[in-house]
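Examination of the molecular architecture
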Amino acid sequence: MAIVSVKELTKIFGAEPHRALDLLAKGHSKKKIYEETKHTVGVNRVSFDIEEGEIFVIMGLSGSGKSTLIRLLNRLIEPTGGEIWCGDRNVARMNPAELREFRRRRMAMVFQKFALFPHMTLAQNVEYGLKIRGVDGGKRRDRAVECLELVGLKGLENSYPDQLSGGMQQRVGLARALANEPDILLMDEAFSALDPLIRKDMQDELLDLQQKMKKTIIFITHDLNEALHIGDRIALLRDGSIVQIGTPEEILINPANRYVERFVEDVDLSKVLTAAHVMRRPETISPERGPRVALQLMRDSGISNLYVVDKARRLIGVITADDASNAIKDGRSLLDIVIRDVPTVPPDQHLNDLFEVVGRTPVPVAVTDENGKLLGIIVRGAVLAALTGSADHINVEGES
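Residues numbered from 1 in each chain as written. Predicted model: local features only at pLDDT ≥ 70, side-chain atom pairs only at ≥ 80, totals over all residues. Heavy atoms only, no water.

**Section: the sheet that holds strand S13 (residues 315–320)**
Strands sit in the order S11-S12-S13 across an open sheet of three strands; the sheet is mixed. For this open sheet the edge positions go to strand S11 (284–285) and S13, each flanked by a neighbour on one side alone. Direction of pairing for strand S12 (residues 305–309) relative to S13: antiparallel, over a ladder of five bridges. In the sheet register, Val 309 faces S13, and the bridge partner there is Leu 315. Relative to S12, helix H14 (residues 291–301) is tilted by about 130°, and along the sheet it contacts S11, S12 and S13. (Pairing = 2+ DSSP bridges. Helix = DSSP H or I, 4+ residues; strand = E, 2+ residues; numbered from the N terminus. Contact = heavy atoms within 4.5 Å. Axes fitted to C-alpha atoms, helices over the stretch in contact; angles between N-to-C directions.)

Laid out in structure tokens, this is it:
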């Protein structure tokens, strides 16, 4: 279910925006419009839906319109045209009183520059929004302490911002946004002012928090690796227009045009693609079947091993053609010859963590879920094909 729905959202900077709108409708470029009208197209008729509980990343180079776009969503910048639906309410049509209440309760923002009050303690900073809303002092304090603990700053309630590192200050900013219990978090380049190692830590912290909070997060960044790491979906902007929206895998594997191809060409696929993207459907057999049936199935399929599963498709092990042939001569059953020490990986394991296990095992690696159910198998060739960008070997949907 979409919690945010944006329709034809447009922002023109200039005294007579209707002139630029007319030219946009005729298909003129941002550059052409500026040359003719001296008006700048900040956001160009953007439309998208954001699902409840997802991290939706808006990214692009400097000047692409991403920061303008996020400020349109809570009307820190007034839109020139279009609609911004949050549930059944059009934010673009709210009066000032409705808009203030909306910002206080439903949509909070985390800024790049932290924006903390230096003369206030961390707890006072975090509870500031609640104070504006008239929440009782005791409840404010309890909520501030709770949120500081949530972001890993327990025990620092009475410290001041200048006593903290940049990463810790950004955690305070995040705690302040969470204190109002908003449905939607807007994060504008929230980690870009941090050192690279701290930035990576904060990205991981955000993902951990999201597992607990299940908030809807709209995250702005110019960093592709950051977008790929945290985004459930990514909207790539260029000159105020959306070039492509998709999951990280979809954008990497099926770029919409040459611009997107160039944007992603230096990405290390092994850190993005997972076992689910390269696994194949396994040939299986139940333990009640005999070695003759197993050997015939292998001959018919042109393979040298079968995966033995129970009635719930939980993995028991693997049998080889040689073992099946010997079992026929010796009168043994499948369970007598099954190799139970089969290497397994979860479906979300990244490829860069699979090289060693794939390289050392004589049989394809099994992909299993948390209950031991066999989802697929991984052969060495599929991993290599994925890393060389051969889309025929990559399953974008993550299905076997």
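Additional details are given in the paragraphs that follow.
**Topic: the pairing of strand S7 (residues 184–188)**
In terms of burial, S7 is a largely internal element, five of the five residues being buried. Covered by surrounding structure in S7 are Ile 184, Leu 186 and Asp 188 together with Leu 185 and Met 187, the residues of both alternating faces. Bridging between strand S6 (residues 107–110) and S7 involves four bridges; their strand directions are parallel. In the strand pairing of S7, Met 107 is matched with Ile 184. Bridge count between S7 and strand S8 (residues 216–221): five bridges; the pairing is parallel. (Buried < 20%, exposed > 50% of the residue type's maximum accessible area, 1.4 Å probe, protein only.)

**Observations regarding H14**
Owing to its 3.6 residues per turn, the α-helix brings residues three or four apart onto one side. Among all positions of H14, only Pro 291, Ala 294, Leu 295 and Met 298 are buried. All buried residues of H14 lie within an arc of 95° about the axis, which places them on one face of the element. Turned more than 90 degrees from where H14 packs its buried face, Arg 292 and Asp 300 sit exposed. For H14, the secondary structure elements touched by its buried residues are S11, S12, S13, helix H15 (321–330) and helix H16 (334–337). Positive phi shows up at Gly 302, right after H14, with a value of about 70°. (Arc of directions from axis to C-beta.)

**Here's the deal with the UniProt feature "domain: CBS" (unreviewed entry) in the protein**
UniProt's entry tags residues 278–334 and 338–393 with the feature "domain: CBS" (unreviewed entry), counted in the numbering of this structure. Spanning residues 278–334, this segment combines 40% helix with 23% strand, and its end C-alpha atoms are found 28 Å apart. (UniProt positions renumbered as here; feature names shortened; annotations may be inferred.)

**As for the packing of aromatic side chains**
Summed over all chains, the structure comprises four aromatic pairs. A ring pair is formed by Phe 117 and Tyr 128, whose centres lie 4.8 Å apart and whose planes are at 55°; its orientation type is tilted. With Phe 117 in the loop between S6 and helix H5 (122–126) and Tyr 128 in helix H6 (residues 128–132), this pair connects stretches of sequence that are 11 residues apart. On the accessibility criterion, Tyr 128 (31% relative accessible area) is partly exposed. (Phe/Tyr/Trp six-rings, centres within 6.5 Å; stacked < 30°, edge-to-face > 60°.)

**Side note on the side chain of Glu 127**
Relative to the helices and strands, Glu 127 resides in the loop between H5 and H6. Given a relative accessible area of 10%, Glu 127 falls into the buried group. Filtering out sequence-adjacent residues up to four positions away, Glu 127 remains in contact with Arg 140, Arg 141 and Ala 144.

**Section: the environment of Leu 174**
Along the chain, Leu 174 falls in helix H8 (residues 166–179). You can call Leu 174 buried: its relative accessible area is 3%. Separated by 97 residues in sequence, Leu 174 and Ile 77 place their C-alpha atoms 22 Å apart. Apart from the residues within four sequence positions on either side, Leu 174 is in contact with Val 110, Val 151, Leu 185, Met 187 and Leu 209.

**With respect to the packing of helix H7 (residues 137–150) against H8**
Where H7 contacts H8, the two axes come as close as 9 Å, and the packing angle between them is 130°. Looking at the two axes, H7 sits oblique to H8. The crossing of H7 and H8 is right-handed. Residues Arg 143, Cys 147, Leu 148 and Leu 150 of H7 form the contact with H8, whose own contacting residues are Val 172, Ala 175, Leu 178 and Ala 179. Among the residues making up the contact of H7 with H8, the classes are represented as seven nonpolar, no polar and one charged. (Parallel < 35°, antiparallel > 145°, perpendicular 65-115°, else oblique. Left-handed = near helix turned anticlockwise from the far one by under 90°. Nonpolar A, V, L, I, M, F, W, Y, C, P; charged D, E, K, R; others polar.)

**Structural notes on the packing of H8 against helix H9 (residues 196–213)**
One way to put it is that H8 packs onto H9 with a least axis distance of 11 Å and a crossing angle of 25°. Classified by the angle between their axes, H8 and H9 sit roughly parallel to one another. You can see that H8 and H9 cross each other, and the crossing is right-handed. For the pair H8 and H9, contact is made by Gly 167, Gln 170, Arg 171, Leu 174 and Leu 178 and by Ile 198, Met 202, Glu 205, Leu 209 and Met 213, respectively.

**Examining the sheet that holds strand S10 (residues 241–246)**
Pairing in this open sheet of six strands is mixed, and the strands run S6-S7-S8-S3-S9-S10 from one edge to the other. The two strands at the open ends of the sheet, each matched to only one other strand, are S6 and S10. Adjacent strand axes in the sheet meet at a mean angle of 20° when their direction is disregarded. Sheet analysis places strand S9 (residues 233–238) next to S10, joined by five bridges and oriented antiparallel. By the bridge assignment, Arg 238 is partnered in S10 with Ser 241. Each of S6 and S7 is contacted by H8, which is oriented at about 175° to S6, the strand it contacts most.

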